[in-house]
Amino acid sequence: MRKRMRIRWGRVLTLIAFLMIIVGGTIMYRENILKDKENATKKEEPSLNEEKENESNLSNQANVDLERAPSNHRDFQALEDGKYLTDNGYTLVIENGVASVDGHLIVNKTYSVPEDYLPKDPWEAVTLERCINCLEKEVMSAFQLMRGDATSIGLNIYIASGYRGYTYQEKLYNNYSAVSGIEKADTYSARPGHSEHQTGLCFDLNSVEDSFASTDEGKWIQENAYLYGFVIRYPKGKEDITGYQYESWHLRYVGEELAEELYNQGDWITLEEYYGISSSY
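If you're wondering where the values come from, they're calculated on a predicted model, not measured in any experiment. The residue numbers shown here count from 1 along each chain, following its written sequence. The predicted origin of the model limits local features to residues at a pLDDT of at least 70 and limits the giving and counting of side-chain atom pairs to 80 or more, whereas totals for whole chains, interfaces and linings rest on all residues. Excluded from the side-chain calculations are hydrogens and water; all other atoms, namely the structure's heavy atoms, are used.

(A) Molecular detail of helix H5 (residues 166-180). Secondary structure follows DSSP: runs of H or I at least 4 residues long count as helices, runs of E at least 2 residues long count as strands, and numbering of each begins at the N terminus. Here the expected length of a helix is defined as 1.5 Å per residue gap, with one fewer gap than residues. The end-to-end C-alpha distance of H5 is 21 Å, a good match for the 21 Å that 15 residues give at a rise of 1.5 Å each. We call two residues contacting when some pair of their heavy atoms lies within 4.5 Å. Contacts made by the buried residues of H5 are with strand E8 (163-164) and helix H6 (182-185). One or two steps after H5, the chain reaches Gly181, where phi turns positive at roughly 90°.

(B) Summary view of the nonpolar core. For the purposes of this section, nonpolar cores are sets of buried Ala, Val, Leu, Ile, Met, Phe, Trp, Tyr and Cys residues that join through side-chain atoms within 4.5 Å. Buried, partly exposed and exposed residues are distinguished by accessible area as a fraction of the type maximum, computed with a 1.4 Å probe on protein chains only: under 20%, between the cut-offs, and over 50%, respectively. Core analysis: the largest hydrophobic core is formed by 48 residues, its most contacted members being Met146, Phe203, Ile221, Phe230 and Leu251. Ranked by the residues each element gives to this core, the list is headed by helix H4 (residues 137-152), at 6 residues. Not counting residues within four places of it along the chain, the set of residues in contact with Phe230 comprises Val139, Ala142, Phe143, Met146, Phe203, Ala225, Leu251, Arg252, Tyr253, Ala259 and Trp268.

(C) The pattern of salt bridges, seen in detail. Here, a salt bridge means any side-chain nitrogen of Lys or Arg that lies within 4 Å of a carboxyl oxygen of Asp or Glu. This structure, assessed with the given rule, holds 8 salt bridges. Across the pair Arg233 and Glu196 runs a salt bridge whose closest N-O atoms are separated by 2.9 Å. Of this pair, Arg233 sits in strand E10 (residues 230-234) while Glu196 sits in the loop between H6 and strand E9 (202-205), and the two are 37 residues apart along the sequence. For the pair Arg233 and Glu196, one class covers both residues: buried. A network of salt bridges, in which partner residues are shared, links Glu196, Arg233, Arg252 and Glu272.

(D) Geometry of the sheet that holds strand E2 (residues 82-85). Spatially, E1-E2-E3-E4-E5 is the arrangement adopted by the 5 strands of the open sheet, whose pairing is mixed. Lying at the two open borders of the sheet, with one neighbouring strand each, are strand E1 (67-68) and strand E5 (104-105). When DSSP locates at least two bridges between a pair of strands, those strands are taken to pair. Pairing analysis gives 4 bridges linking strand E3 (residues 91-95) to strand E4 (residues 98-101), with the strands arranged antiparallel. Pairing of Ile94 across the sheet is with Ala99, part of E4.

(E) Quick look at the layout of surface pockets. Its boundaries defined by the atoms lining it, the largest pocket holds a volume of some 460 Å³. Definitions used for this entry: grid spacing 1 Å over protein atoms alone; cavity, a set of points where a 1.4 Å probe fits but cannot get out; pocket, an open set with protein on both sides within 12 Å along at least 5 of 7 lines; lining residue, one with an atom within 4 Å of a point. Residue lining of the largest pocket: 21 residues in total, with Val98, Gly103, Leu105, Tyr117 and Lys120 positioned closest to the centre. Counting residues per element, the ones that place at least two in the lining of the largest pocket are E3, E4, E5, H4 and strand E11 (247-253). Here the lining of the largest pocket is built from residues that sort into 9 nonpolar, 6 polar and 6 charged. Here the second largest pocket defines a volume of roughly 390 Å³. In terms of lining, the second largest pocket is formed by 22 residues, of which the most central are Arg164, Leu172, Tyr188, Asp204 and Glu247. Every element with two or more residues in the lining of the second largest pocket is listed here: strand E7 (159-161), H5 and E11. Grid points are joined across faces, edges and corners, and a volume is the space filled by probe spheres set on the points. Classes in brief: Ala, Val, Leu, Ile, Met, Phe, Trp, Tyr, Cys and Pro nonpolar; Asp, Glu, Lys and Arg charged; the others, Gly included, polar.

(F) Structural detail: the sheet that holds E9. Here 4 strands make up an open sheet; going across it, the order is E7-E9-E11-E10 and the pairing antiparallel. With one partner strand each, in any of the chains shown, E7 and E10 form the two edges of the open sheet. Mean inter-strand twist for the sheet, computed between neighbouring axes without regard to direction, equals 50°. With 3 bridges joining them, E9 and E11 adopt antiparallel strand pairing. Across the sheet, the residue bridging to Asp204 is His250, located in E11. Inter-axis angles, ranging from 0 to 180 degrees, are taken between N-to-C directions of lines fitted to C-alpha atoms, where helices are fitted over the stretch in contact.

(G) Representation of the side chain of Glu196 within the structure. Classification of Glu196 by relative accessible area gives buried; the value is 1%. Any N or O atom pair separated by 3.5 Å or less is treated as a polar contact, with the protein-specific requirement of one donor-capable and one acceptor-capable atom, and with residues adjacent in sequence counted only for side-chain atom pairs. Here Arg233 takes part through its side chain, which lies 2.9 Å from a polar atom of the side chain of Glu196. With residues up to four places along the chain from it excluded, the contact list for Glu196 reads Val107, Leu201, Cys202, Arg233, Tyr234, His250 and Arg252.

Here's what the structure looks like:
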């Protein structure tokens, strides 16, 4: 009897072992099939970098037929609304006589805004030719945050000049050119229609003098403005590019992402350099 039981148990164990071999083989087979499918999928689906490269190639192909962006204001005035290719491969859009790249308004010696241009969403409605609080809401919110942080460490920053209308800028520029001559005035004052102040996207801080750069406030702004979306619009050593002298007090709002790019670890890059656009009358 015991011998028969041993035989039966032996058969059972043999059967169990056999079934385990079959099941294990089936599992391995299925795993191999899944791996093959995953590998095939990886080969068929492009990686994120490949997708970006493909998108970039398509974009470049689409830009090939675009007319080149203007090299001076005379050329800009002759252009119709549409899309144009910058020297760095960006698409410059002109709509209603206003130029932008990546949604960022471009105003310099080449690109102007119409006489009746006003900030799109001002903190306060524009009723005067000069108004500190008539900047864009996003700009004012960012400034208030920056001013609060500066105040918390004992610094005092304030807006000395905000929005300036076309007519006010015209009078200002004419006064400067009468005193210094047109050539000299063009290095530190914008002609009417060419001033960023008309857009509500920029402002001048504190003393509006060269000495601001050496103050504690000026030094802090130099190293921290980008954290709030602001850039030193006319950096030191970039006069030949922007067409204007170094202005440590003149900040332009571009948003935190682009501001960090232009900050460039403290070696400021201009909008002209970054996008490959000109600034010339």
